[in-house]
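Structural features, examined
One-letter residues, chain by chain:
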Amino acid sequence: MEFTDWIADARNIVFLVIGVAIIGSAIRVVTSPNVVHAALMLVVALGGSAGLFLMLGAEFVAWTVVLVYIGAVIVLFLFGIMITRAPTGRDSVQLDHARRWPAALVALAMFVTIAWATTVSFGDALIADRVVRAEDLGAVLFSRYVIPFEVVSFVLLAALIGGIVLARQDPER
Amino acid sequence: MIVNQFLVLAALLFSIGIYGVLVRRNAVLVLLSVELMLTAVNINLVAFGAFLQDELLAGQVFALFVIAVAAAEVGIGLAIVVLIFRNRSSANIDELNLLKW
Amino acid sequence: MTSLATSLLLHAEEGAEHAVELSNGGLLAELAWLIPMVPLVLMFGVLFFGKRLPGKGWELAEFSMLFVAVYGVALFIANANTGIHYEGAIEIATVGSLVLEWGWMVDGLSIMMYTVIGVVGLAVFTYSKGYMEGDIRYTGFFANFTLFTAGMLVLVSAPNLLQLIVGWELVGVASYLLIGHYWEDHENNAAAIKAFITNKVADVGLLIGVIIIAVTVGSFRFSDVLEAIANADSGLIQVAFWAGLALFIGAMGKSAQFPFHVWLPDAMAGPTPVSSLMHAATMVTAGVYLLGRMFPLYQNELFAVDVKVIIIIVGALTLFLMGLIALVQDDIKKVLAYSTLSQLGYMTVAMGAGAYTAGLFHLFTHAFFKSLLFLAAGSVIHAVHSNNMSDMGGLRKYMPSTYWTFIIGSLALAGIFPLSGFWSKDEILASLRYDAGHGGGAVASVVLIVAIAGAFITALYMARAVYLTFFGEYKGEAHPHESPKIMTYPLIGLAVLAAVAGFSNMPGIFTGFTDWVGARIIVMGDHHAAAIDFLLAGAGLAAAAAGIAVGTRLWRRDRDTQQARDTFRIPVLYPLLERKYYIDDFYLRGIVNPTKGPIARAIDWSNTYVLDGVVNGVGAGAGLMARIVYHGIDQRGIDLAINAAAAATGQAGEQLRYTTTGRVQQYAWALFAGTILLVVGFLIFN
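If you're wondering where the values come from, they're calculated on a predicted model, not measured in any experiment. All residue numbers refer to positions counted from 1 along the written sequence of the respective chain. Just so you know, chain letters begin at A and ligand numbers begin at 1, following the order they were written in. Confidence filtering applies because this is a predicted model: local features only for residues at pLDDT of at least 70, side-chain atom pairs given and counted only at 80 or more, and all residues used for totals across whole chains, interfaces and linings. Only hydrogens and water are removed before side-chain values are computed, so all heavy atoms of the structure are retained for them.

Our focus in this paragraph is the overall build of chain C. Helix and strand assignments come from DSSP, with helices taken as H or I runs of at least 4 residues and strands as E runs of at least 2, each series counted from the N terminus. The helix and strand inventory of chain C stands at 27 helices and two strands. Throughout this description, buried means an accessible area under 20% of the type-specific maximum (1.4 Å probe, protein chains only), exposed means over 50%, and partly exposed covers the range between. Taking all 686 residues of chain C together, the buried fraction comes to 55%. Nonlocal contacts in chain C, meaning residues at least 24 apart in sequence, comprise 79% of its contacts between residues at least 6 apart. Carbon and sulfur atoms form 68% of the exposed surface of chain C, whose accessible area is close to 27800 Å². Contacts are assigned to residue pairs with any non-hydrogen atoms lying within 4.5 Å of each other. The protein chains shown are the only cover counted for residues, whose accessible areas, like all others here, come from Shrake-Rupley with a 1.4 Å probe.

Now the structure itself:
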């Protein structure tokens, strides 16, 4: 497929905009010298991913990302940043290792490997439009996937208890 | 929309996450990078789900599971970071080598 | 409705009731949704505006209780006249075929609870104004306290199981806040958490039971569930045992039945008015109330009738074991707490014996005299600034009002004629005797004896509490004084009720209470005595009198000694009771660190004394053989090979261990680089 054909689809323009936003903010997440900025950039990246989910017709997943990630997880991160007094730019603490280039090389190699593999495998295959409503997802989640769903809830419960046990002050101290 | 555009974007996001995990010293930042990688996985899952027109919606369901597990992971991870910070007044993971031989 | 009632399989032929003509209660019942709502709304009033009001929020809380009390009494009178059954509901949401409703139930059972909660609540709230004076979280206390009562009212007014759970949890949360009221002290925090967690464990049972029932019947409404029982619904019959058991486990948590009782004595960490209300009208009565609500499920022979055996045994264990512990407590509130456990055991036993009315009647009378006893104990604590009876004594002279009301409460609790405890305890004994001859079998007979023994123990520990607190010489530090009028008036009011509440149900003479609570559409099929059983009444009374006599002998004579309770140091029993049968220890160590628990000690003991003997004997024989083998084969041949292998492994490990740096990111490097290498390798060689 030619690029001109591809870009003729208006949705792909939206995709480009969102994709650039995601990648740009993701790069800021891993390079920003300010930890709070990094966390806020993650919000942008995740918001972009929610946009992609909407494009792919996964409404419920999109809103879950907004609620759970942007609503809860990021708050958790900000708490973690505050509690651990992570450097927020003004301090001269080194946030990165010296080994930047080898790491970039590994990351690039990983990207090339994956991208090459997917391009070879899928090429120009198109995605058909389909919007999945929350109702359908709920029906399948509570019938076919009810046991994995319960297992996941147990994982969350274990994480809840584990988090409390780990982070609470030792009462004997 | 072709499926590959989503896959390549996800691969790029995943690689950026790898870079962050390898380069960042602060544990909170490493966890942030891990979140980037998980998001890339979610994009893959949902994209494949849409591509395969799966009746059971496995792609989206598992994306939801990944989100749930990621939330658990962040909770535990930050609890550990807080605990480490309390013990050593530092959240830099390269200063941690308690698991050493 | 009559056809419905006659189609029911009745357990007790002589207790068969006829569905009475019930009124719908008119406007009074239609507006009964105000009962839980007024305290719930005023709770927010106390919370947000309390500090700015002249009474610091107390007046709002007091008004809410006054409202509930007046409304409850009005309903009570209306119910006594005509018999009310009314169910109101507002639909909140529909999820598929499931309809979520917020409703209010106005029938004999809930009216009785409204009245008790309102009247006792009013007395306790009034008293609290004096007791909590000067507390730093005065307003917050009343906000929590109102929430506590409101939660209980939501629970009681619920016409469906879902709303019942909402109230159930509200009560749980509020109790957590109230028990931890003095949270500066770490122990109080721990007590609050213990109460919450213990309740939560049992709540899982409630939740499972509710889910089973709702899924089977297809509705959360009590009326639908009871109707399914009346129609002998075949689906429900299959799951009835497990549903009944699960619900009972939930009830065991809130009503603190053995072995979930551990939270209740610790809950004494809260302010005394909280203990008073918690033990009398709210919280602990919730479990008994639930059993009463779901009574046909247990009573109908097709359904969970097997659970009744479990109920009666659990109740009897609680009744007897917890009564004994009350004998060795020094903290006056703990004596009363264990007494409550024991009395809750009575209620549970009555439910297990199929005596719906008897159990609820004991709940009714117990509410009055136990709240009275707690408030009086609070008055004493207020005066001497100590919970310990070893710091009290001789207070009869200093605080006459408290003394007399405490005496009335104690006699009522002990079951002395004609105070209220006598009538309700007698009703339970009569039900047990009836049950022994009608399906309860040997279990009910044994429990009957346990219950009479329990009456003896009850009288004994109350005699001890009275003598150690009010007689003898004063042993404390502070200067005791009578409490202010705002505290003594509620005591006097409750004392009157504790004295006369029993007259509402005298078998054969006046059975008002039975009729009032029995006013319901679906007949419960329980038994209640037609006339006073003079033999049983005599036995119960004799046991109580003997308890008081023994108590007088034991503690009045030694009233001057500092360690008065030492007279009860019976070798084996005393440490057992002092440590509360090691149940708390068992929970703590059995869960936290099993290796240090009693089991380990027992195994250690058997190791030392039993196994070692055997082992030593065998060992001596084996030793001889071993020596021969050792010198010949082992040293020369095998050792060499093994040593060589070990040395090789050790050397390899010595070299390789440096790759284990403990740095997570180096592992990540290896992981990602390795992945790429694998992919590349795969591509090349494929």
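What the second largest pocket holds in volume is close to 500 Å³. Along the walls of the second largest pocket sit 22 residues, with B:Ile80, B:Ile84, B:Ile93, B:Leu96 and C:Val664 positioned nearest its centre. Elements supplying a minimum of two residues to the lining of the second largest pocket: α2 (27-52) and α3 (58-88) of chain B together with α27 (664-685) of chain C. Charged means Asp, Glu, Lys or Arg here, nonpolar means Ala, Val, Leu, Ile, Met, Phe, Trp, Tyr, Cys or Pro, and polar covers whatever is left, Gly included. Here the residues of the lining of the second largest pocket sort into 15 nonpolar, five polar and two charged. As defined here, a cavity is a set of points on a 1 Å grid over the protein atoms alone where a 1.4 Å probe fits but cannot get out. A pocket is an open set with protein on both sides within 12 Å along at least five of seven lines, and residues line them when an atom is within 4 Å of a point. Grid points are joined across faces, edges and corners, and a volume is the space filled by probe spheres set on the points.

Another point: the packing of helix α7 (residues 161-179) of chain C against helix α8 (residues 186-217) of chain C. Residue and element names in this part refer to chain C. Interaxial distance between α7 and α8 falls to 9 Å at its minimum, and their mutual angle equals 175°. Compared by their axis directions, α7 and α8 come out roughly antiparallel. The residues of α8 that touch α7, namely those facing Leu161, Leu164, Ile165, Trp168, Glu169, Gly172, Val173, Tyr176 and Ile179, are Asn188, Ala191, Ala192, Ile193, Ala195, Phe196, Lys200, Asp203, Leu206, Leu207, Val210 and Ile213. Taken together, the residues that form the contact of α7 with α8 break down as 16 nonpolar, two polar and three charged. To get an axis, fit a line to the C-alpha atoms, keeping to the stretch in contact for a helix; angles then go from 0 to 180 degrees between the N-to-C directions. Any angle that is under 35 degrees is reported as roughly parallel, and any over 145 degrees as roughly antiparallel; angles of 65 to 115 degrees are reported as roughly perpendicular and all others as oblique.

Next up on the list: unusual backbone geometry. Looking along the chain, the bond that leaves C:Phe417 and enters C:Pro418 is cis, with omega of 0°. Positive phi, close to 55°, is recorded for B:Gln53, a residue that is not glycine. Along the polypeptide, B:Gln53 turns up in the loop between α2 and α3. Its identity as a non-glycine residue notwithstanding, B:Leu57 has a phi of 55°, on the positive side. Tracing the backbone through its elements, the reader meets B:Leu57 in the loop between α2 and α3.

Quick look at the interface of chain B and chain C now. Interface size is commonly expressed as the accessible area that is lost once the parts come together. Taken together, the 14 residues of chain B in the interface contact ten residues of chain C. Interface area, chain B with chain C, both sides summed: about 1100 Å², of which 65% is carbon and sulfur. Only one rule defines a salt bridge in this text: a Lys or Arg side-chain nitrogen within 4 Å of an Asp or Glu carboxyl oxygen. Where chain B touches chain C, the interface holds zero salt bridges. Any pair of nitrogen or oxygen atoms within 3.5 Å is treated as a polar contact; in protein, a donor-acceptor pairing is required on top of that, and neighbouring residues in sequence qualify only through side-chain atoms on both sides. Taken together, the links from chain B to chain C amount to two residue pairs in polar contact (both at pLDDT 80 or more). Put simply, the parts of the chain that give the side of chain B that touches chain C at least two residues each are α1 (3-23) and α2 of chain B. The greatest single-element share of the side of chain B that touches chain C, amounting to four residues, is contributed by α1(B). Its residues placed into classes, the side of chain B that touches chain C shows ten nonpolar, one polar and three charged. Using a 1.4 Å probe, buried area is obtained as the accessible area two parts lose upon being combined, added over both of them.

Aromatic rings in a pair are described by how distant their centres are and how their planes are angled relative to each other. Between the rings of Phe, Tyr and Trp (Trp by its six-membered ring), a pair exists once the centres lie within 6.5 Å; its type follows the angle of the planes, with under 30 degrees stacked, over 60 edge-to-face, and the other angles tilted. Using the criterion set out here, one finds 29 aromatic pairs over all chains in the structure. When the ring of C:Phe364 is compared with that of C:Phe368, the centres are 5.2 Å apart and the planes differ by 80°; the resulting orientation is edge-to-face. Here C:Phe364 and its partner C:Phe368 are both found in helix α17 (residues 356-384), four residues apart, which amounts to about one turn of the helix. Each member of the pair, C:Phe364 together with C:Phe368, is buried. Judged by centre distance (5.3 Å) and plane angle (55°), the ring pair of C:Phe406 and C:Phe470 falls under tilted. Here C:Phe406 is found in helix α19 (residues 400-414), whereas its partner C:Phe470 is found in helix α20 (residues 420-470), with 64 residues between them in sequence. A connected cluster of aromatic rings, assembled from ring pairs, spans C:Phe125, C:Tyr138, C:Phe141, C:Phe142 and C:Phe145. Its end group placed over the ring of A:Tyr145, A:Arg144 keeps NZ or CZ at 5.8 Å from the ring centre. Only Lys NZ and Arg CZ are tested; either one counts as a charge over a ring when it is within 6 Å of the ring centre and within 35 degrees of the ring normal.

This part covers the pattern of salt bridges. Tallied over the entire structure, the rule returns nine salt bridges over all chains. Between C:Arg293 and C:Asp107 there is a salt bridge, with the nearest N and O atoms lying 2.9 Å from each other. Of this pair, C:Arg293 sits in helix α13 (residues 284-293) while C:Asp107 sits in the loop between β2 (98-106) and α5 (108-131), and the two are 186 residues apart along the sequence. Side by side, C:Arg293 and C:Asp107 carry an identical accessibility label, which is buried. Linking C:Asp266 and C:Lys194 is a salt bridge whose minimum nitrogen-to-oxygen distance equals 3.0 Å. One end of the pair, C:Asp266, is in helix α11 (residues 263-266); the other, C:Lys194, is in helix α8, with 72 residues separating them in the sequence. What makes C:Lys194 partly exposed here is its relative accessible area of 23%. When salt bridges that share partners are traced, they join A:Asp9, A:Arg11 and A:Asp129 into one network.

So, about a nonpolar patch on the surface. A cluster of nonpolar residues, A:Leu108, A:Val112, A:Trp116, A:Val120, C:Phe682 and C:Leu683, forms a patch on the protein surface that exposes about 620 Å² of accessible area. Residue assignment for the nonpolar patch shows that the elements contributing at least two residues are α5 (100-122) of chain A together with α27 of chain C. Structurally, A:Trp116 can be placed in helix α5. By definition, no residue in a patch forms a salt bridge, and every one has over 30% relative accessible area; like charges are joined within 9 Å, nonpolar side chains (Val, Leu, Ile, Met, Phe, Trp, Tyr) within 5 Å.

The partner chain B presents 71 residues to the 90 residues of chain A that form the contact. The tally of links between chain A and chain B comes to zero salt bridges. Counting across the chain A and chain B interface gives 15 residue pairs in polar contact (both at pLDDT 80 or more). Contributing elements (two or more residues each) for the side of chain A that touches chain B: α2 (10-31), α3 (35-55), α4 (59-83), α5, α6 (134-141) and α7 (146-167) of chain A.

All names here are of chain B. Where α1 contacts α2, the axes come no closer than 8 Å and their chain directions differ by 165°. It follows from the interaxial angle that α1 and α2 lie roughly antiparallel. α1 and α2 meet at a crossing whose hand is left-handed. Among the residues making up the contact of α1 with α2, the classes are represented as 19 nonpolar, five polar and no charged. By definition, any crossing whose near helix is turned counterclockwise from its far helix by less than a right angle is left-handed, and any crossing with a clockwise turn is right-handed.

Moving on: the confidence of the model for chain A. Model confidence for chain A is summarised by a mean pLDDT of 84, while 92% of its residues fall at 70 or above. The lowest-confidence element of chain A is helix α1 (residues 3-8) of chain A, averaging 82 in pLDDT; the highest-confidence one is α2(A), averaging 91. The pLDDT score gives, residue by residue, the confidence of the prediction method on a 0 to 100 scale.

The next thing to look at is the confidence of the model for chain C. Residue and element names in this part refer to chain C. Looking at chain C, pLDDT values average 80 and 84% of them are 70 or higher. Every residue in residues 1-19 scores below 50 in pLDDT, and together they form 41 contacts with partners more than four places removed in sequence or on other chains. Here residues 562-567 scores under 50 on pLDDT; set against residues more than four positions off or in separate chains, the count is 14 contacts. On the interface metric, ipTM, the complex scores 0.89, and its pTM is 0.64.

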